[in-house]
Protein chains: 2
Amino acid sequence: MPSTKESIIHLADEFIRSRGYTAFSYADISKPLGIKNAAVHYHYPSKSDLAVALVEWHIDHFERFKEKNESKSPADQIKTFLNFYHSIHLSGKVCLIGAFSTDWNSINEDTQGLLRTFTNLVIDWLSEVLQKGLDTGAFNFANAPRAEALRVLTNIFAAAQLSRITDSQDFILVKESIIRELTK
Amino acid sequence: MPSTKESIIHLADEFIRSRGYTAFSYADISKPLGIKNAAVHYHYPSKSDLAVALVEWHIDHFERFKEKNESKSPADQIKTFLNFYHSIHLSGKVCLIGAFSTDWNSINEDTQGLLRTFTNLVIDWLSEVLQKGLDTGAFNFANAPRAEALRVLTNIFAAAQLSRITDSQDFILVKESIIRELTK
DNA sequence: GTCTATATTCCGATAGAC
DNA sequence: GTCTATCGGAATATAGAC
């Protein structure tokens, strides 16, 4: 049974990644929980406190993701990562990085700083996994590890965004071509 | 000398691509023009009228972009396209597709439909140019044209978003690796 | 920890004068 | 085409009771 504080974070995550940071209100969160506006402010005094807590939640979540998958092969780790984005796509939302990157000038400096930390965590992890796959012969690419990590990350998170506009098939096309390119 | 109506579109474009659709107000537009709130509503009665007009402006702009570059080689057309995104990156903004894709659930159906038209215009143009480059031997890739177009587009527009969070160098890394991959 | 009540500001939008 | 004036509502946020 999640606490009210956890439920608030969960709903904020839903709204921020489906509509955007500026587009949701404390009322959007309090209503489905059956509580009042002021109760949400008790847990997170300001909207930016909520934004910071959300990024912290994603950092924790990603650390657990890394641990849970560290024994897998590089190819399986990348596939699991891409499958995570596939579930984002199916939910009709975008990822935290994509959402906050377009909301960049609407979030405060604390949130920006923590988001930078989180984003580099993801890029660094991707770089390491890709490098390992290159060493073991599972992957084949000519870029520097960070450049290759950036290409995989930008491909997949933008595919989740773009396929909202065009077609679900476009997400599949991108996802499959990433795997094909890496393993060719 | 731009008309008020044109200046409004220009400012809306600035705000939507730097902050997001929900994050700007009619007051943001009227103030720098030295006019009142109500004058903006005269030209664009509702905010969604403004959003529709902005997408129409980008469609017109892209059609002119295509005509102006149609005599270039496929490699130069792609480079011009990537340079356009480079200027977006330098301005600290994101592209219209990136901005509205995360604002998707905050824009009305008319805007969504027109944005879908615009996005497919861009993807179709990229597909054609890439295919032509493949035919002439300028490019080398194994994907279907649309899949390759999607990879280029998602790479470059997400690089503009991601480099807001991390570092300007990350945009350069992605841009250069796109060209390198295509021409290798 | 949640409530009622409220302060304050801003929002998109409209009516009617000029 | 722009103005003044204003409406109705929603936003973030706080004070103080329970």
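The structure reproduced in this document is the subject of the present report. Source: prediction; values computed, not measured.

This part takes up the protein's contact with DNA strand D. As a structural note, the neighbourhood of DNA strand D is formed by 18 residues, with A:Lys47, B:Thr4, B:Lys36, B:Tyr42 and B:His43 the closest of them. Between a phosphate oxygen of DNA strand D and a side-chain N or O atom of A:Ser25, the distance comes to 3.3 Å. One of the side-chain N or O atoms of A:Asn37 is found 3.3 Å from a base nitrogen in DNA strand D. Those elements that provide at least two residues to the surface near DNA strand D are helix 2 (26-33) and helix 3 (37-43) of chain A together with helix 3 (37-43) of chain B. Ranked by residues supplied to the surface near DNA strand D, first place goes to helix 3 of chain B with four residues. Tallied by class, residues from the surface near DNA strand D come to nine nonpolar, seven polar and two charged.

At an RMSD of 0.0 Å, chain B and chain A line up after a rotation of 180 degrees and a shift of 0.0 Å along the axis. The relationship between the two copies is best expressed as a two-fold rotation axis. Mapped onto chain A, 100% of the interface residues of chain B are again interface residues, and the two copies thus contact each other with one and the same surface.

In this structure, A:Phe81 and B:Phe81 are the most contacted members of the largest nonpolar core, which totals 118 residues. With sequence-adjacent residues up to four places away left out, A:Phe81 is seen in contact with A:Phe65, A:Val122, A:Trp125, A:Leu126, A:Leu153 and A:Ile156.

Moving on, we come to the interface of chain B and chain A. Tallying the contact residues gives 43 residues for chain B and 44 residues for chain A. Regarding the contact of chain B and chain A, the summed buried area is about 3900 Å², with carbon and sulfur atoms giving 55% of it. Together, B:Thr102, B:Arg151 and B:Ile165 form the three largest contributors to the area buried by chain B at its contact with chain A, with a combined 19%. If you look at where chain B meets chain A, you find two salt bridges. Note that A:Asp170 and B:Arg146 form a salt bridge whose closest N and O atoms lie 2.9 Å from each other.

Taking 1.5 Å as the rise per residue, helix 9 (residues 168-183) of chain B with 16 residues should run 22 Å; its terminal C-alpha atoms sit 24 Å apart, in good agreement. Regarding helix 9 of chain B, the residues found buried are B:Asp170, B:Phe171, B:Val174, B:Lys175, B:Ser177, B:Ile178, B:Glu181 and B:Leu182. Projection of helix 9 of chain B onto a plane perpendicular to its axis shows the buried side chains occupying an angular sector of 165 degrees, all on one side. Contacts from the buried residues of helix 9 of chain B go to helix 7 (109-136), helix 8 (145-165) and helix 9 (168-183) of chain A together with helix 5 (74-91), helix 7 (109-135) and helix 8 (145-165) of chain B. Two or three places before B:Gln169, at the start of helix 9 of chain B, stands the capping residue B:Asp167, its side-chain oxygen 2.8 Å from that residue's backbone nitrogen.

Let's shift gears to the packing of aromatic side chains. Taken as a whole and assessed by the stated rule, the structure comprises 22 aromatic pairs over all chains. Pairing A:Phe65 with A:Phe81 gives two aromatic rings, centres 6.5 Å apart and planes at 65 degrees, and the pair type is edge-to-face. Of this pair, A:Phe65 sits in helix 4 (residues 47-69) while A:Phe81 sits in helix 5 (residues 74-91), and the two are 16 residues apart along the sequence. Under the relative-accessibility criterion, A:Phe81 is labelled buried at 3%. Ring plane angle 45 degrees and centroid distance 5.6 Å describe the contact between B:Phe81 and B:Trp125, whose orientation is recorded as tilted. Of this pair, B:Phe81 sits in helix 5 while B:Trp125 sits in helix 7; the two residues are 44 residues apart in sequence, bridging distant segments of the chain. Like B:Phe81, the residue B:Trp125 is buried in the burial classification. Looking at A:Lys47, its charged tip hangs above the ring of A:Tyr21, at a distance of 4.8 Å from the centre.

Close contacts around DNA strand C come from 17 residues, with A:Lys36, A:Tyr42, A:His43, B:His41 and B:Lys47 the closest. A distance of 3.0 Å separates a phosphate oxygen of DNA strand C from a polar atom in the side chain of A:Thr4. With respect to DNA strand C, the backbone of A:Lys36 contributes an N or O atom lying 2.5 Å from a phosphate oxygen. Among the secondary structure elements, those contributing two or more residues to the surface near DNA strand C are helix 3 of chain A together with helix 3 of chain B. Residue contributions to the surface near DNA strand C peak at four residues, all from helix 3 of chain A. When its residues are assigned to classes, the surface near DNA strand C shows eight nonpolar, seven polar and two charged.

Bringing the packing of helix 5 of chain B against helix 9 of chain B into the picture now. Residue and element names in this part refer to chain B. Packing of helix 5 against helix 9 leaves a shortest axis separation of 11 Å and a crossing angle of 175 degrees. Viewed along their axes, helix 5 and helix 9 adopt a mutual orientation that is roughly antiparallel. Of the residues in helix 9, those touching helix 5 at Ile78, Lys79, Leu82, Asn83, Tyr85, His86 and His89 are Ser168, Phe171, Ile172, Lys175, Ile178, Ile179 and Leu182. For the contact of helix 5 with helix 9, the residue count by class is eight nonpolar, four polar and two charged.

If the charged atoms of two oppositely charged side chains come close together, the side chains can form a pair. Evaluation of the coordinates by the stated rule reveals 14 salt bridges over all chains. Across the salt bridge formed by A:Lys66 and A:Glu63, the nearest N and O atoms sit 3.5 Å from each other. Note that A:Lys66 and A:Glu63 are positioned in helix 4 at a spacing of three residues, about one turn of the helix. Linking A:Arg146 and A:Asp124 is a salt bridge whose minimum nitrogen-to-oxygen distance equals 3.7 Å. Residue A:Arg146 is found in helix 8, and its partner A:Asp124 is found in helix 7; the two are separated by 22 residues along the sequence. In this structure A:Arg146 comes out as partly exposed when scored by relative accessible area, which is 25%. By relative accessible area, A:Asp124 is classed as partly exposed at 38%. Look at the salt bridges and you will find they share partners, linking A:Asp124, A:Arg146 and B:Asp170 into a network.

Parameters and conventions
Residues numbered from 1 in each chain as written. Chains lettered and ligands numbered in written order. Predicted model: local features only at pLDDT ≥ 70, side-chain atom pairs only at ≥ 80, totals over all residues. Heavy atoms only, no water. Near = heavy atom within 4 Å. Polar contact = N/O pair within 3.5 Å; in protein donor to acceptor, adjacent residues only side chain to side chain. Helix = DSSP H or I, 4+ residues; strand = E, 2+ residues; numbered from the N terminus. Nonpolar A, V, L, I, M, F, W, Y, C, P; charged D, E, K, R; others polar. Least-squares fit on C-alpha atoms with pLDDT ≥ 70 in both. Contact = heavy atoms within 4.5 Å. Core = buried A, V, L, I, M, F, W, Y, C linked by side-chain atoms within 4.5 Å. Buried < 20%, exposed > 50% of the residue type's maximum accessible area, 1.4 Å probe, protein only. Buried area = accessible area lost by both parts, 1.4 Å probe. Salt bridge = Lys/Arg side-chain N within 4 Å of Asp/Glu carboxyl O. Expected span 1.5 Å × (residues − 1). Arc of directions from axis to C-beta. Phe/Tyr/Trp six-rings, centres within 6.5 Å; stacked < 30°, edge-to-face > 60°. Lys NZ or Arg CZ within 6 Å of the ring centre and 35° of its normal. Axes fitted to C-alpha atoms, helices over the stretch in contact; angles between N-to-C directions. Parallel < 35°, antiparallel > 145°, perpendicular 65-115°, else oblique.

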